[in-house]
Amino acid sequence: MPGTSSTLARPSASAGAASLFRQTLAGLRVLLVLTLLLGVAYPLAVWGVGQLALPWQANGSLVRSDGTHATSITDTGADGAPVVGSALIGQDFAAADDAERWFHGRPSAAGDGYDTLASAGTNLGPLNPELVAAIDERRAALAALNGVDPADLPADALTASASGLDPHVSPAYAALQVARVAEARGLDQAVVADLVAQHTAGRDLGVLGEPRVDVLELNLALENSEKMNP
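Bear in mind that the values here come from a model prediction, so they are computed numbers and not experimental data.

1. Focus on helix α3 (residues 129-146)
Residues spaced three or four apart along an α-helix point in a common direction, a consequence of the helix completing one turn every 3.6 residues.
Phase 1 of the analysis: Between its first and last C-alpha, α3 extends 26 Å over 18 residues, near the 26 Å set by a 1.5 Å rise per residue.
Phase 2 of the analysis: Those residues of α3 lying buried are Leu131, Ile135, Leu142, Ala143 and Asn146. An end-on view of α3 places all buried positions within 100° of arc, on one side of the element. α3 presents Pro129, Glu130, Glu137, Ala140 and Ala144 as exposed residues on the side facing more than 90 degrees away from its buried surface.
Phase 3 of the analysis: The inward-facing, buried residues of α3 contact α4 (155-158) and α5 (171-185).
Phase 4 of the analysis: Where α3 begins, the side chain of Asn128 points an oxygen toward the backbone nitrogen of Glu130, at a separation of 2.8 Å.

2. Details of the sheet that holds strand β4 (residues 168-169)
Phase 1 of the analysis: Spatially, β4-β6-β5 is the arrangement adopted by the three strands of the open sheet, whose pairing is antiparallel. Unpaired on one side and paired on the other, β4 and β5 (200-201) mark the two borders of the sheet.
Phase 2 of the analysis: Across two bridges, β4 lies against strand β6 (residues 212-214) in antiparallel orientation. What sits directly across from His168, in β6, is Asp214.

3. What about the sheet that holds strand β3 (residues 83-86)?
Phase 1 of the analysis: Here we have three strands laid out as an open sheet, ordered β2-β1-β3, and antiparallel in their pairing. Looking at which strands have only one partner, the edges of the open sheet turn out to be β2 (69-70) and β3.
Phase 2 of the analysis: Pairing of strand β1 (residues 62-64) with β3, which is carried by three bridges, proceeds in the antiparallel orientation. Directly across from Leu62, in β3, lies its bridge partner Ser86.

4. Some words on the domain arrangement of the protein chain
Phase 1 of the analysis: Entries for the protein chain in the domain assignment read domain 1 (14-53), domain 2 (59-85) and domain 3 (89-228).
Phase 2 of the analysis: Between the C-alpha centres of domain 1 and domain 2 there is a distance of 39 Å.

5. Some words on the side chain of Arg180
Phase 1 of the analysis: Looking at the secondary structure, you find Arg180 in helix α5.
Phase 2 of the analysis: Buried charge without a partner: Arg180 forms no salt bridge, and the closest opposite charge is Glu100, 6.7 Å away.
Phase 3 of the analysis: Looking at Arg180, its side chain comes within polar contact range of the main-chain oxygen of Glu100, at 2.9 Å.
Phase 4 of the analysis: A distance of 2.9 Å separates the side chain of Arg180 from the backbone oxygen of Trp102, its partner in a polar contact.
Phase 5 of the analysis: Setting aside anything within four residues of it in sequence, one finds Arg180 in contact with Ala99, Glu100, Arg101, Trp102, Phe103, His104, Leu145 and Asn146.

6. Side note on the nonpolar core
Phase 1 of the analysis: Grouped together as the largest cluster of nonpolar side chains are 30 residues, with contacts concentrated most on Phe103, Leu153, Val192 and Val196.
Phase 2 of the analysis: Taken together, the elements giving at least two residues each to this core come down to α3, α4, α5, α6 (189-198) and α7 (215-228).
Phase 3 of the analysis: When neighbours within four sequence positions are excluded, Val192 is seen to be in contact with Phe103, Val178, Val181, Ala182, Leu187 and Leu222.

7. Comments concerning α6
Phase 1 of the analysis: Inspection of α6 places Val192, Leu195 and Val196 among the buried residues, and these make up the whole buried set. Summarising the axial view, the buried residues of α6 lie within an arc of 100°, below the 170-degree limit, and thus occupy one face. Opposite its buried face, α6 presents the exposed residues Ala190, Ala197 and Gln198, each directed more than 90 degrees away.
Phase 2 of the analysis: Two or three places before Ala190, at the opening of α6, Asp188 has a side-chain oxygen 2.7 Å from that residue's backbone nitrogen.

8. What to know about the pattern of salt bridges
Phase 1 of the analysis: In total, this model carries seven salt bridges according to the counting rule given.
Phase 2 of the analysis: The partner of Glu223 in a salt bridge is Arg185, with the nearest N and O atoms 2.9 Å apart. Placement of the pair is Glu223 in helix α7 and Arg185 in helix α5, with a sequence separation of 38 residues.
Phase 3 of the analysis: Judged by its relative accessible area of 7%, Arg185 is buried.

9. Side note on the packing of aromatic side chains
To describe a pair of aromatic rings, you give the distance between the ring centres and the angle between the ring planes.
Phase 1 of the analysis: Scanning the entire structure with this criterion turns up one aromatic pair.
Phase 2 of the analysis: With centroids separated by 5.9 Å and ring planes inclined at 35°, the aromatic side chains of Phe93 and Trp102 adopt a geometry described as tilted. In this structure, Phe93 and Trp102 share a single accessibility class: buried.
Phase 3 of the analysis: Over the ring of Trp102 we find Arg185, and its NZ or CZ is 4.6 Å from the ring centre.

Thresholds, definitions, all that
- Residues numbered from 1 in each chain as written.
- Predicted model: local features only at pLDDT ≥ 70, side-chain atom pairs only at ≥ 80, totals over all residues.
- Heavy atoms only, no water.
- Helix = DSSP H or I, 4+ residues; strand = E, 2+ residues; numbered from the N terminus.
- Expected span 1.5 Å × (residues − 1).
- Buried < 20%, exposed > 50% of the residue type's maximum accessible area, 1.4 Å probe, protein only.
- Arc of directions from axis to C-beta.
- Contact = heavy atoms within 4.5 Å.
- Polar contact = N/O pair within 3.5 Å; in protein donor to acceptor, adjacent residues only side chain to side chain.
- Pairing = 2+ DSSP bridges.
- Domains from an automatic or database assignment.
- Lys, Arg positive; Asp, Glu negative; His and termini not counted.
- Salt bridge = Lys/Arg side-chain N within 4 Å of Asp/Glu carboxyl O.
- Core = buried A, V, L, I, M, F, W, Y, C linked by side-chain atoms within 4.5 Å.
- Phe/Tyr/Trp six-rings, centres within 6.5 Å; stacked < 30°, edge-to-face > 60°.
- Lys NZ or Arg CZ within 6 Å of the ring centre and 35° of its normal.

What follows is the structure in structure tokens.
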């Protein structure tokens, strides 16, 4: 106030240091609690629920050669069937020596093909000359391999997915390969077409996504069906 004088007390250096020390300790306690909750307890809880409720999905959706599910690479099951892949990761059946006997998956631009460490698409635009040339080459090769009109090939037969790891093809692409696979294996086309129908999944919840065929599971079912009915 006018006419009066006052002296504002200033905190001592020791008091400031003590306050900083208390705040630092408080921050460290919060950090420790959040680390234990979010970095230890929460991941363990999610892992535990996954192992108890969805062990197959939580461990990579692995598939044995007999078509059964495994929860680890070394889980060969009672019949000794080895793990041959994952229902989530595509494989290059077109590169097999007996490629005509197998259903082929979608082309992959991930590394040298289906490389899980290089998951990606080509990032090429629809008018890119390199992409156009690749599509034209695939169209000619697949039409000749399957004995169909090039115009009948669906888009997923000619273009790679964004991940390069897509394990599915459209029912249209699977159906287009039925005649080739049946002839190569000496089977009736109706038998092969029935296997395709059995391994065609619909839209999730009836509305999400598109109908699809898991190529690995279809090929395993085809192989095991042939073994059971030589």
